[in-house]
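Remarks on the overall topology
Residue-level listing of the chains:
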Amino acid sequence: MESLNLPVFEYNTKQIEGKPYIFDVLRKKYVLITPEEWVRQHVVHLLLNQYGYPKSLIRSEGGLKLNQLRKRTDILVFDRLGKPFLLVECKAPQVTVTQQVFDQIGRYNHIHQAPYIVVTNGLTHFCCCVDYQLQTVDFLDDLPRFE
């Protein structure tokens, strides 16, 4: 798999019917390694290992309903009270992070109302703080640490 602009982590892989799978520590199963999944796994381990988020507060590939359509969020992190805290949209490295990607996470966050959103393709990362009262979005230099 492609090298990313994210920290390296220890992972387990195996072949199933000739296709590569990686063990997802959140879903506790092997999942097919696609370019987007490779990015998602890196971000999950970044949140766990460098930012101190507990596994129990991170949900990967969670469902949501948006305008009668079923969608999936890549990563949703909850705070200690069980409220959405950080929403992450992962794209494959060859996908450019554009306004369209921000629009997508914005639609998803309209449902979740997380105060922090992250968009990454594994090479380029953006983290924003959303203030719903002031209706502003501020770009941050780093992700928030778990408190």
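As shown above, the structure is provided for reference.
To keep things clear, this report deals only with the structure shown in the data block.

Conventions and cut-offs
Residues numbered from 1 in each chain as written. Predicted model: local features only at pLDDT ≥ 70, side-chain atom pairs only at ≥ 80, totals over all residues. Heavy atoms only, no water. Helix = DSSP H or I, 4+ residues; strand = E, 2+ residues; numbered from the N terminus. Rg over C-alpha atoms; globule rule 2.2 N^0.38 Å. Buried < 20%, exposed > 50% of the residue type's maximum accessible area, 1.4 Å probe, protein only. Contact = heavy atoms within 4.5 Å. Core = buried A, V, L, I, M, F, W, Y, C linked by side-chain atoms within 4.5 Å. Pairing = 2+ DSSP bridges. Polar contact = N/O pair within 3.5 Å; in protein donor to acceptor, adjacent residues only side chain to side chain. Salt bridge = Lys/Arg side-chain N within 4 Å of Asp/Glu carboxyl O.

Our next topic: the overall build of the chain. The helix and strand tally for the chain stands at two helices and nine strands. For the chain, the sequential pattern of α-helices and β-strands runs β-β-β-α-β-β-β-α-β-β-β. Taken over the C-alpha trace, the chain has a radius of gyration of 15 Å; the compact-globule value for 147 residues is 15 Å, and the two agree within 12%. Overall, the chain is about 50 × 30 × 30 Å in size when its C-alpha atoms are taken along their principal axes. In the chain, which comprises 147 residues, the share counted as buried stands at 45%. Residue pairs in contact within the chain that sit at least 24 positions apart in sequence constitute 48% of those at least 6 positions apart.

What follows concerns the nonpolar core. Counting 29 residues, the largest nonpolar core has Val 43, Leu 47, Tyr 53, Ile 58, Ile 75 and Leu 86 as its most contacted members. Of all the elements in the fold, those that place two or more residues in this core are α1 (35-49), β5 (69-78), β6 (84-90) and β7 (116-120). In terms of residues, this core owes the most to one element, α1, which gives seven residues. With sequence-adjacent residues up to four places away left out, Ile 58 is seen in contact with Leu 26, Leu 47, Leu 48, Tyr 53, Ile 75, Leu 76 and Val 77. Listed in part, the 13 residues of the second largest apolar core include Phe 78, Leu 87, Tyr 108 and Val 130.

Within a regular strand, the side chains alternate between the two sheet faces. The element β6 is largely enclosed, with a buried count of six among its seven residues. Sheet topology places β6 next to β7; five bridges connect them, and they run parallel. Residue pairing across strands places Cys 90 opposite Thr 120, the latter belonging to β7.

Turning our attention to the side chain of Asp 74. Locating Asp 74 in the fold gives a position in strand β5. At 2.4 Å, the side chain of Asp 74 forms a polar contact with the side chain of Arg 40. Contacts of Asp 74, omitting those with residues within four sequence positions, involve Glu 36, Arg 40, Arg 59, Ser 60, Glu 61, Val 88, Glu 89 and Cys 90.

Any two side chains of opposite charge can pair, given that their charged atoms come close. Summed over all chains, the structure comprises six salt bridges. Among the salt bridges present, the one from Arg 27 reaches Asp 24, with a minimum N-O distance of 2.7 Å. Here Arg 27 falls in the partly exposed class, since its relative accessible area comes to 26%. Given the relative accessible area of 0%, Asp 24 is considered buried. In this structure, Arg 40 and Glu 36 form a salt bridge, with 3.4 Å as the shortest nitrogen-oxygen distance. Remark: Glu 36 and Arg 40 occur in helix α1; sequence separation between them is four residues, near one turn of the helix. By relative accessible area, Arg 40 is classed as buried at 4%. Connected through salt bridges with shared partners, the residues Asp 24, Arg 27, Glu 36, Glu 37, Arg 40 and Asp 74 form a single ionic network.

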